[in-house]
Amino acid sequence: MTDATPDATTDFPARTLRIGTRSSPMALAQVEHVSALLRKHEPELAVEVVPVTTRADKWQGDLAQLGGKGLFVKEIDQLVRRGRVDMAVHCVKDVPGDVPLPDGLVFAAHLARDDVRDVLVFPAGSARRTLDDLPLGATVATSAVRRKAQLGRVRPDLDVVRVRGAVGSRIEKLDGTRPTDTPFDAMILASSGLERLGLSHRAGHVFGLDEMLTAVGAGALALECRTDDDGVRALLRRLDHERTTTEITAERALLHGLRGHCNSPIAGHCVTEPDGRLSLRGMVFSPDGTTFVHAHLHGEPPHDPTALGTRVCAELLRQGGRDIIENIPH
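Note that the structure is a prediction, hence the values are computed from the model and not measured.

**Considering the nonpolar core**
Generally speaking, a soluble globular protein has its nonpolar side chains buried in company with each other.
Inference 1: Ranked by size, the top nonpolar core spans 22 residues in total, and within it Leu 17, Val 34, Leu 38, Met 87, Val 89, Leu 223 and Leu 236 carry the most contacts.
Inference 2: Only β1 (16-22), α1 (25-41), β3 (87-91), β4 (105-110), β10 (221-226) and α7 (230-237) provide two or more residues apiece to this core.
Inference 3: Per-element accounting of this core gives the leading share, 4 residues, to α1.
Inference 4: Contacts of Val 89, omitting those with residues within four sequence positions, involve Ile 19, Gly 20, Gln 30, Val 31, Val 34, Leu 221, Ala 222 and Leu 223.

Listed below in structure tokens is the structure:
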């Protein structure tokens, strides 16, 4: 991650910064990283980590039955709103895009984005390294309908099965460390997640964005606080990476316009071209990937990211994206 945007605000008030987070190893690693960045600006900053095991973390079934993956952030948001914690660190891809943030909360900053790509991970000791190495009918595990749909486009012969849980426990399942583990031939995970856990060496095939377009917000962390907490908001702004915030704004405008539910295979990715123009791609898929719509547009001066996201959304809807979404069971 790159250095944050400078901020001329005064020193953070003498208080302990309470950070609410999920209790998974990934979430805790992310909070530790944010804490280290904040201490570069406030060396004496006292941080209290408040871990929470959410209902979504405990549930091993289909998240749609609980109300979608937004449950990963909902309980943490409530802690921030009630003043029990001062801020939260969220993976942007886990934040629902069809509704605004809860009243009184704001994303004060986004950290510089990590690798957005998905990767194929093979069991420990496997000689396989690429997607083509998988035999016909091989079993591939993933929890994302977006990944399943796009994998179905390139390898419809594969048996894609659902797997949930923390990244470390998923890899343990892949490696078959317990006698009761279901054998998988491969698993799809986020490159950024492996990197944050020090597991980048487990990545096999790295999917190009033409093979598997990313989730909206992939690889990005958002720092959330109360809108009226000026001290925390100013502190977090020091870590904001302006380009990432701009690109995320475009992607989330696209997602908001599509109003997809948690079972909607939607992908979107924005980049800033060398000439400064924004470039946004968006896709909507049927669950098996056989039907899809695609749009790719560039921003026009003055490079309004919300306007670009709205334009790409409108193009996807013009091509029939709404019909695809509405025909997918909730």
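**Re the packing of aromatic side chains**
Inference 1: Applying the stated criterion across every chain, the model contains 1 aromatic pair.
Inference 2: Ring plane angle 40° and centroid distance 6.4 Å describe the contact between Phe 285 and Phe 292, whose orientation is recorded as tilted.
Inference 3: By relative accessible area, Phe 285 is classed as buried at 0%.
Inference 4: Using a relative accessible area of 37% as the deciding quantity, one classes Phe 292 as partly exposed.
Inference 5: Across from the ring centre of Phe 292, 4.2 Å away, lies the NZ or CZ of Arg 153, which sits over that ring.

**With respect to the pairing of strand β12 (residues 278-285)**
Inference 1: Burial within β12 is extensive, with 8 of its 8 residues counted as buried.
Inference 2: Note: strand β11 (residues 266-272) against β12, 7 bridges, orientation antiparallel. The partner of Thr 272 across the bridge, within β12, is Leu 278.
Inference 3: Hairpin connection from β11 to β12: 5 residues lie between these consecutive antiparallel strands, with Gly 276 at a positive phi of about 95°.
Inference 4: In the sheet, β12 pairs with strand β13 (residues 292-298) via 7 bridges, with the strands oriented antiparallel. Note on β13: the bridge partner recorded for Phe 285 is Phe 292.
Inference 5: From the end of β12 to the start of β13, which pair antiparallel, there are 6 residues, and Gly 289 there has a positive phi angle of about 80°.

**Some remarks on α1**
Inference 1: A rise of 1.5 Å per residue sets the reference length of α1, with its 17 residues, at 24 Å; its end C-alpha atoms lie 25 Å apart and thus fit the reference within 8%.
Inference 2: Listed as buried for α1 are Met 26, Ala 27, Gln 30, Val 31, Val 34, Ser 35, Leu 37 and Leu 38.

**Observations regarding the environment of Glu 48**
Inference 1: Within the secondary structure layout, Glu 48 lies in strand β2 (residues 46-52).
Inference 2: Overall, the relative accessible area of 39% leaves Glu 48 in the partly exposed class.
Inference 3: Once the C-alpha coordinates of Glu 48 and Thr 16 are considered, the two residues, 32 residues apart in sequence, prove to be 6.7 Å apart.
Inference 4: If near-sequence neighbours (up to four positions away) are discounted, Glu 48 is found in contact with Thr 16, Leu 17, Arg 18 and Ile 19.

**Some details on the sheet that holds β12**
Inference 1: What the 3 strands build is an open sheet, ordered β11-β12-β13; its pairing is antiparallel. The open sheet has two edge strands, β11 and β13, and neither has a second partner. Mean inter-strand twist for the sheet, computed between neighbouring axes without regard to direction, equals 10°.
Inference 2: Where helix α8 (residues 242-258) meets the sheet, it contacts β11 and β12, and its direction lies at approximately 150° from that of β11.

What counts, and where the lines are drawn
Residues numbered from 1 in each chain as written. Predicted model: local features only at pLDDT ≥ 70, side-chain atom pairs only at ≥ 80, totals over all residues. Heavy atoms only, no water. Core = buried A, V, L, I, M, F, W, Y, C linked by side-chain atoms within 4.5 Å. Buried < 20%, exposed > 50% of the residue type's maximum accessible area, 1.4 Å probe, protein only. Helix = DSSP H or I, 4+ residues; strand = E, 2+ residues; numbered from the N terminus. Contact = heavy atoms within 4.5 Å. Phe/Tyr/Trp six-rings, centres within 6.5 Å; stacked < 30°, edge-to-face > 60°. Lys NZ or Arg CZ within 6 Å of the ring centre and 35° of its normal. Pairing = 2+ DSSP bridges. Expected span 1.5 Å × (residues − 1). Axes fitted to C-alpha atoms, helices over the stretch in contact; angles between N-to-C directions.

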